[in-house]
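As a plain string of letters, each chain reads:
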Amino acid sequence: MRWISVFALGFCAARGLLAGPPVPRPAQEIAIETPQGKLSAPRAFRGKVVLMQFLYTTCTHCQATARMLSGLEREFGPRGFQVVGIAFNEEAQNNPEAIHGFVAANQVNFPVGAASREAVLKYLGISLIERFVVPQIVIVDRGGVIRAQSDFMGTSELQDEAYLRRFIGGLLESTTASRKP
């Protein structure tokens with residue numbers, strides 16, 4: 001019986017360590033190396049609603065999501081919405097042409113850069129031993145607060161265009177309304 005109690009206590013403690021970071025929370029910065037130079041997200045887009053897509057350039061789901069997000073960027077960009085892609089697969093880190101190819105092949109209209117796997121996992125609150133899927137999505141409001149983040153194993157709503165349109169539209173409306181005198 002004692003071993004069962006010890007096992008159960010250890011299991012609960014381990015699950016707590018593997019749980020995702022809470023939302024909402026203040027957004028931290030992450031350095032991204034783009035073909036145009038370095039930038040820090042979300043600071044580089046201060047005052048906008050920012051959607052960060054953490055991706056692998058070789059992932060078909062990431063490619064499809066980037067194409068969909070390009071449409072949302074066209075639709076909501078003039079109202080203060082910005083998408084940024086952060087590639088963290090080995091190919092993108094070691095070969096800048098991988099990012100150029102990703103952008104061109106998928107007609108991506110937002111900045112895409114690379115960051116180290118370690119930096120991305122730390123940003124997302126994912127342990128090196130944790131299983132996860134890509135793309136991972138993080139949405140930051142105009143005030144620099146993370147309002148949504150994918151679960152480690154993915155959150156289908158954050159890859160659903162209709163859901164994102166409503167969610168982003170709501171963030172844009174609520175921050176616009178709160179700025180009016």
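Residues numbered from 1 in each chain as written. Predicted model: local features only at pLDDT ≥ 70, side-chain atom pairs only at ≥ 80, totals over all residues. Heavy atoms only, no water.

*Asks:* Break down the overall build of the protein for me, citing the residues and quoting the values.
*Replies:* The helix and strand inventory of the protein stands at 6 helices and 8 strands. Ordering the α and β elements of the protein from the N terminus gives α-β-β-β-β-α-β-α-α-β-α-β-β-α. A separation threshold of at least 6 residues defines the contact pool for the protein, and within that pool the share at least 24 residues apart is 71%. Total accessible area on the protein stands at roughly 9,800 Å², and carbon and sulfur atoms take up 57% of it. (Helix = DSSP H or I, 4+ residues; strand = E, 2+ residues; numbered from the N terminus. Contact = heavy atoms within 4.5 Å. Areas by Shrake-Rupley, 256 points an atom, 1.4 Å probe, with all protein chains shown as cover.)

*Asks:* Give me the lowdown on the nonpolar core, citing residues and values where you can.
*Replies:* Generally speaking, nonpolar side chains in soluble globular proteins are found buried as a group. The biggest cluster of nonpolar side chains holds 52 residues, and the ones touching the most others in it are I30, M52 and F54. Ignoring sequence-local partners within four residues, the contact set of M52 consists of I30, A41, V84, I86, Y123, Q136, I137, V138 and V140. (Core = buried A, V, L, I, M, F, W, Y, C linked by side-chain atoms within 4.5 Å. Buried < 20%, exposed > 50% of the residue type's maximum accessible area, 1.4 Å probe, protein only.)

*Asks:* Residues and numbers for the side chain of Q149, please.
*Replies:* With respect to the secondary-structure elements, Q149 resides in strand 8 (residues 145–149). Looking at Q149, its side chain comes within polar contact range of the side chain of R25, at 2.7 Å. There is a polar contact of 2.9 Å between the side chain of Q149 and the backbone oxygen of L124. Ignoring anything within four residues of it in the chain, the contact list for Q149 reads P21, V23, R25, L124, I137, V138, T155 and L158. (Polar contact = N/O pair within 3.5 Å; in protein donor to acceptor, adjacent residues only side chain to side chain.)

*Asks:* Explain the confidence of the model for the protein residue by residue, including any values.
*Replies:* The pLDDT averaged across the protein works out to 89; a share of 85% of its residues lies at or above 70. Low pLDDT, under 50, characterises residues 3–18; the stretch is placed with 3 contacts to residues that sit more than four places away or in other chains. (pLDDT = per-residue confidence, 0-100.)

*Asks:* Could you give an account of the pattern of salt bridges, naming the residues involved and the relevant values?
*Replies:* Taken as a whole and assessed by the stated rule, the structure comprises 4 salt bridges. In this structure, R79 and E173 form a salt bridge, with 2.7 Å as the shortest nitrogen-oxygen distance. Of this pair, R79 sits in the loop between helix 2 (60–76) and strand 5 (81–87) while E173 sits in helix 6 (residues 161–179), placing them 94 residues apart in sequence. Look at R79 and you get partly exposed, because its relative accessible area is 36%. With its nearest N and O atoms 3.0 Å apart, the salt bridge here joins R165 to E161. With a gap of 4 residues between them, R165 and E161 both fall in helix 6, about one helical turn apart. Members of the salt-bridge network, linked through shared partners, are E75, E161 and R165. (Salt bridge = Lys/Arg side-chain N within 4 Å of Asp/Glu carboxyl O.)

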